[in-house]
Amino acid sequence: SLDALNLPDSVQSLIRTRLDRLDGELQSLIRHASVLGRVFNLRVLERVVANNKTLMFGLDNLQKQGLIQQIRVAPEALYRFKHVLMQEVAYDSLLLRQRKALHQAAGLAIEEIYDGRLEEQLELLTFHYSRAENWAKAVTYGREAAEKASRLGRFAEALAMLEQAEAWSSKLEHGTERDQQTIQILLAQERHCETLGMRERQQASID
């Protein structure tokens, strides 16, 4: 994040000034793209942008200005912010409610585009729904992402994801479903702690 980078105000101001010089449509486009990350998928962006009739013209314009670049054409078009700081500043310029709405739209777009093969997108879905504060979907996809990491032998990564899912589950409405989610998450944590030899942590999960 910008806070973690601790950039001098002059650097942030310089980047903001460059963004402010863009016309309104290009400013909106680059902010929408920033929600998707430094690398973004054209098909997802098409569904996130409200008016995509001039989308390709806008992307071409941003490329000419040296702000983004296309890094892949097939099987799916991918673009990348040339500088991660540009993506961070563009994202930071969005209001919180705008960010949440756009992350929700991104999650829905990914579900639609990759229907039937969501496993390859689990981490992105978890990211977008957690940022959208859609806790139910964040927990569901977070658990699935942890299971995927576990199958690949990435147990520490799986445990870290389960920790996040546990935190998100605490934000769900009180009830049987929330309790069941929490229990399943704790049981999964216990298994991973055993695999990783984290005995004290394992006992804490059991308790």
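Conventions used here
Residues numbered from 1 in each chain as written. Predicted model: local features only at pLDDT ≥ 70, side-chain atom pairs only at ≥ 80, totals over all residues. Heavy atoms only, no water. Salt bridge = Lys/Arg side-chain N within 4 Å of Asp/Glu carboxyl O. Buried < 20%, exposed > 50% of the residue type's maximum accessible area, 1.4 Å probe, protein only. Pairing = 2+ DSSP bridges. Helix = DSSP H or I, 4+ residues; strand = E, 2+ residues; numbered from the N terminus. Axes fitted to C-alpha atoms, helices over the stretch in contact; angles between N-to-C directions. Contact = heavy atoms within 4.5 Å. Core = buried A, V, L, I, M, F, W, Y, C linked by side-chain atoms within 4.5 Å. Arc of directions from axis to C-beta.

Caption draft 1: Spatial organisation of the pattern of salt bridges. Using the criterion set out here, one finds 11 salt bridges in the structure. With a shortest N-O distance of 3.1 Å, R117 and E120 are connected by a salt bridge. With relative accessibility at 39%, the residue R117 sits in the partly exposed group. Residue classification places E120 among the partly exposed residues on the basis of a relative accessible area of 45%.

Caption draft 2: Looking closely at the sheet that holds strand β1 (residues 39–41). In spatial order, the strands read β1-β3-β2; together these 3 strands make up an open sheet with antiparallel pairing. Each end of this open sheet is capped by a strand with a single partner; those strands are β1 and β2 (68–72). Pairs of neighbouring strands in the sheet enclose a mean axial angle of 35°, with direction left out of account.

Caption draft 3: Quick look at the pairing of β2. In the sheet, β2 pairs with strand β3 (residues 78–81) via 4 bridges, with the strands oriented antiparallel. Within β3, the residue paired with R72 across the bridge is L78.

Caption draft 4: Summary view of the environment of L162. Residue placement: L162 occurs in helix α10 (residues 155–169). Sequence spacing of L162 and E147 is 15 residues, and the spatial spacing of their C-alpha atoms is 9.2 Å. When neighbours within four sequence positions are excluded, L162 is seen to be in contact with A146, I185, A188, Q189 and H192.

Caption draft 5: Local environment of the nonpolar core. Membership of the largest hydrophobic core comes to 52 residues, with the highest contact counts inside it found for I30, F40, L45, L59, L62 and I68. Ranked by the residues each element gives to this core, the list is headed by helix α9 (residues 135–151), at 7 residues. Other than its neighbours up to four places away in sequence, L59 contacts L29, F40, L42, L45, I68 and Y79.

Caption draft 6: Seen up close, helix α5 (residues 55–64). Turning to α5, its buried residues number three or more, namely L55, G58, L59 and L62. One side of α5 holds all its buried residues, which, seen down the axis, span an arc of 100°. Within α5, the exposed residues directed more than 90 degrees away from the buried face are F57 and K64. On its buried side, α5 packs onto α3 (24–35), β1, α4 (42–48), β2 and β3.

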